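# Fold and contact review
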Amino acid sequence: MILLPLLFGAIAAAAADRTDKPTQRYYTFEELCDKYAAREGYTCIRFGRKMMRMMSDRVEADDRELARLLDDLHEIRALTTTCPDEAFLRDAATVQLTARYTLVSSLSEEGRTTECCLNDGGRRHPSHFLLFSHGPDEAVVLDIVGYFDVKDISRLSSIRPR
């Protein structure tokens, strides 16, 4: 009999403890852009499917693999800032939690952390490659959407303006 009130008291205290804590909101990439893009020091960049095709047409004829990769991409989106604060870093870190992203790689060095995650859509749905890189002076959230093999994503860095 004495244990029953103690048990109910412990359960009630645990329930009250859980309800007092604020819940962390998770953001999709679009929601993160909507929240931060209009703020000073933040920039949202979007390259759509038409831009991918235009870039594919300009790729050297000898790099057909890169041209094919560009043809299969739907969109490249990035949100950047030169003034990352704790709220932005916390919100940006939740983007990978909104979908079924799998960590591909993580690197922390000299005050900068970079995580690459993949939401593999398979053959039926586009995949999402998410890169979140941040240091004391800047942060970048990059989302690449399309049909691709994740090992080919690094090839995009070979594109240079003429």
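Everything numeric here is computed off the predicted structure, so don't read it as measured data. (Residues numbered from 1 in each chain as written. Predicted model: local features only at pLDDT ≥ 70, side-chain atom pairs only at ≥ 80, totals over all residues. Heavy atoms only, no water.)

### Quick notes on the pairing of strand E3 (residues 102-109)
Note on strand geometry: in a regular strand, side chains alternate between the two faces of the sheet. Both E3 and strand E4 (residues 112-119) contribute to a ladder of 7 bridges, which runs antiparallel. Within E4, the position partnered with Leu103 by the bridge is Cys117. Once E3 ends, the chain turns through 2 residues before running back antiparallel as E4, passing Glu110 with a positive phi of about 50 degrees. (Pairing = 2+ DSSP bridges. Helix = DSSP H or I, 4+ residues; strand = E, 2+ residues; numbered from the N terminus.)

### Describing the packing of aromatic side chains
In total, this model carries 3 aromatic pairs according to the counting rule given. Seen from their ring centres, Tyr36 and Tyr42 are 5.2 Å apart, and the 35 degrees between their planes marks the pair as tilted. Tyr42 shares its class with Tyr36; the two are buried. Measuring from ring centre to ring centre gives 4.9 Å for Tyr36 and Phe88, while their planes differ by 80 degrees; the resulting arrangement is edge-to-face. Highlighted residues: Tyr36 in helix H2 (residues 29-36) and Phe88 in helix H5 (residues 86-93), separated in sequence by 52 residues. Comparing Tyr36 with Phe88 shows no difference in burial state: the two are buried. (Phe/Tyr/Trp six-rings, centres within 6.5 Å; stacked < 30°, edge-to-face > 60°. Buried < 20%, exposed > 50% of the residue type's maximum accessible area, 1.4 Å probe, protein only.)

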